[in-house]
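Understanding the architecture of this molecule
So you can see what is in the structure, the chains are spelled out below.
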Amino acid sequence: MRPSISVWRVRFPSVSANFPNVECEDEAVHQGVARDDPRRAIPRTDSLLQSAEVVAARERLSDRVITARVRAVVERARRGELAPGAVADAVAADLAAARPSTQTPVLNATGVIVHTNLGRAPLSHAAVDALLAAAGYVDVEMDLASGARSKRGSGTRAALVGACPAAESALAVNNGAAALVLATTALAAGREVIVSRGELIEIGAGFRLPDLIASTGARLREVGATNRTHPSDYAEAAGPDTGCMLKVHPSNFRLTGFTSDVPVRELAALAHERGLPLVVDVGSGLLAPDPLLPDEPDVATALDDGADLVIASGDKLLGGPQAGLIFGRADLVERLARHPLARAVRIDKLALAALEATVDGPRPPVPSYLHADRDRLRARTSRLAEAVGGSLVAHDGRVGGGGAPGVPLPGFAVRLPSSVARPLRTGSPAVLPRVHDDAALIDLRCVPEADDDLLEQAIRAALRES
Ligand SMILES: *Cc1c(COP(=O)(O)O)cnc(C)c1O
């Protein structure tokens, strides 16, 4: 039952104060409109602004946005695109659908686990809970027992070191690129960073590591050839002007054929002989080796092999929030943490909380999807294929996000006509299939099993529309 206008005025005495000028504008618009013009029947904006739907929407949207949306509907009626009698319902429908963020949750049916265009890693429930708890006031820089200021991020640091005991210390920053910038700045600003030509990669969307490092004021000293770099190349380049040696995992491409690079162990020995630190950027954030991805470097192994600092992303294979992780020697981590640039690349409290819960909580979605049980996948896919009238086909998932390029993750998909792809993407919930070979392929690897029914309904709706 809709409350009467007088109830609204009592409950929301400030309605008109919040929507200034509305009344006089309406008057102005009605001026000059003939008395028998049907547009006279269009409800006034100020009365629309007092509807139950507007009040409900004020939980989600600002007064400014609500007024603009209501006016846009009224405008459609004035242009004759909407009958005057349909305006109130159109306002209600428009506001009911409006969200304060334009980001739309998507069911990822592509089989690509770390999907760059879908925000990389989906968080675990534990991480989401921690993130929500951190959204309010939180003791991120306070010791509640003593009431004194405490070190920001110490819980997350402890979690990271606990999960990767090969590291003496750890630091989380805004993202992987920031971690690399901070490390090269703190260790080599005004000096040289020695790096192999085979590792000067573009990490996506036009961001090139060489440009990134050059922007820090460190000079890149490129050694070796694109396909082959030898220990002597590093040795000959090292000198009094060297700040550090850097080894970068060329995550998103593979060099095959006549190639060679210098393994971390050998490069560490070479760097340490000259008193230089070795920084290794492993990229994907595996803390320990994963048998499914034998060619993917991991933090623990790089540290065991002698790297002084290891850099990784938090939102690739680790499965956490966007973050740049730095593991390694306590003195060097401290040097980075104290550098003025550290403040500019500081991680926010939400990501700190989510990162800690990712590391100390139950297995997050990314590693779960990576290790999805094949029989279970087949059973779910087969059930869905039958339910929606598609065919069950073999389909390889991918790690994505620049990780493990070319490594197939054997699984299954429901094959549907490609015409269903668009209604799937624009439906509710939005579903992103893989469009390939003139078909829309629905891969369940990255769909939470609890959402299987939701996905089935979304497919049925999209099939009706296509
Ligand atoms: C992904 C990646 C980066 C960049 O990390 P972001 O978290 O995306 O900033 C840097 N280096 C390597 C090797 C990577 O794979």
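Procedures and definitions
- Residues numbered from 1 in each chain as written.
- Predicted model: local features only at pLDDT ≥ 70, side-chain atom pairs only at ≥ 80, totals over all residues.
- Heavy atoms only, no water.
- Pairing = 2+ DSSP bridges.
- Helix = DSSP H or I, 4+ residues; strand = E, 2+ residues; numbered from the N terminus.
- Axes fitted to C-alpha atoms, helices over the stretch in contact; angles between N-to-C directions.
- Near = heavy atom within 4 Å.
- Polar contact = N/O pair within 3.5 Å; in protein donor to acceptor, adjacent residues only side chain to side chain.
- Areas by Shrake-Rupley, 256 points an atom, 1.4 Å probe, with all protein chains shown as cover.
- Nonpolar A, V, L, I, M, F, W, Y, C, P; charged D, E, K, R; others polar.
- 1 Å grid on protein atoms, 1.4 Å probe; cavity = no way out; pocket = protein on both sides within 12 Å on 5 of 7 lines; lining within 4 Å.
- Points joined across faces, edges and corners; volume = space filled by probe spheres on them.
- UniProt positions renumbered as here; feature names shortened; annotations may be inferred.

The next subject is the sheet that holds strand β1 (residues 106-109). Sheet architecture is open: five strands sit in the order β1-β15-β16-β14-β13, paired in mixed fashion. Of all strands in the sheet, those bounded by a partner on one side alone are β1 and β13 (391-397). Each strand of the sheet is rotated relative to its neighbour by a mean of 45°, with strand direction disregarded. Pairing analysis gives four bridges linking strand β14 (residues 409-417) to strand β16 (residues 439-442), with the strands arranged antiparallel. The residue of β16 that forms the bridge with Pro417 is Ala439.

A few words now on the site of the ligand. For the ligand, the full set of nearby residues is Arg120, Asn175, Gly176, Ala177, Ile203, Val248, His249, Ser251, Asp281, Gly283, Ser313 and Lys316. Between a nitrogen atom of the ligand and a side-chain N or O atom of Asp281, the distance comes to 2.6 Å. Lys316 places a polar side-chain atom, nitrogen or oxygen, 2.7 Å from an oxygen atom of the ligand. Computed on the free molecule, the ligand has an accessible area of 380 Å², of which 93% lies beneath the protein chains in the complex. Those elements that place two or more of their residues in the shell around the ligand are α10 (176-188) and β10 (278-283). In the shell around the ligand, the residues fall into three nonpolar, six polar and three charged.

One number sums up the size of the second largest pocket: a volume of about 780 Å³. What lines the second largest pocket is a set of 34 residues, and nearest its centre among them are His249, Pro250, Asp261, Asp295 and Pro297. When contributions to the lining of the second largest pocket are tallied by element, the ones reaching two or more residues are β9 (242-248), β10 and α14 (299-304). Top element by residues in the lining of the second largest pocket is β10. It accounts for three residues. Within the lining of the second largest pocket, the residues separate by chemical class into 15 nonpolar, ten polar and nine charged.

With that settled, the discussion passes to the UniProt feature "domain: L-seryl-tRNA selenium transferase N-terminal" (unreviewed entry) in the chain. In this numbering, the UniProt entry assigns the feature "domain: L-seryl-tRNA selenium transferase N-terminal" (unreviewed entry) to residues 39-78. With 65% helix and 0% strand, residues 39-78 has end C-alpha atoms that lie 6 Å from one another.

On to unusual backbone geometry. Pro429 follows Ser428 through a cis peptide bond whose omega is 0°. Position of Pro429 relative to the elements: it lies in the loop between α20 (421-426) and β15 (430-436). Located in the positive-phi region is Arg120, a residue other than glycine, with phi close to 60°. Position of Arg120 among the secondary structure elements: in the loop between β1 and α8 (125-134).

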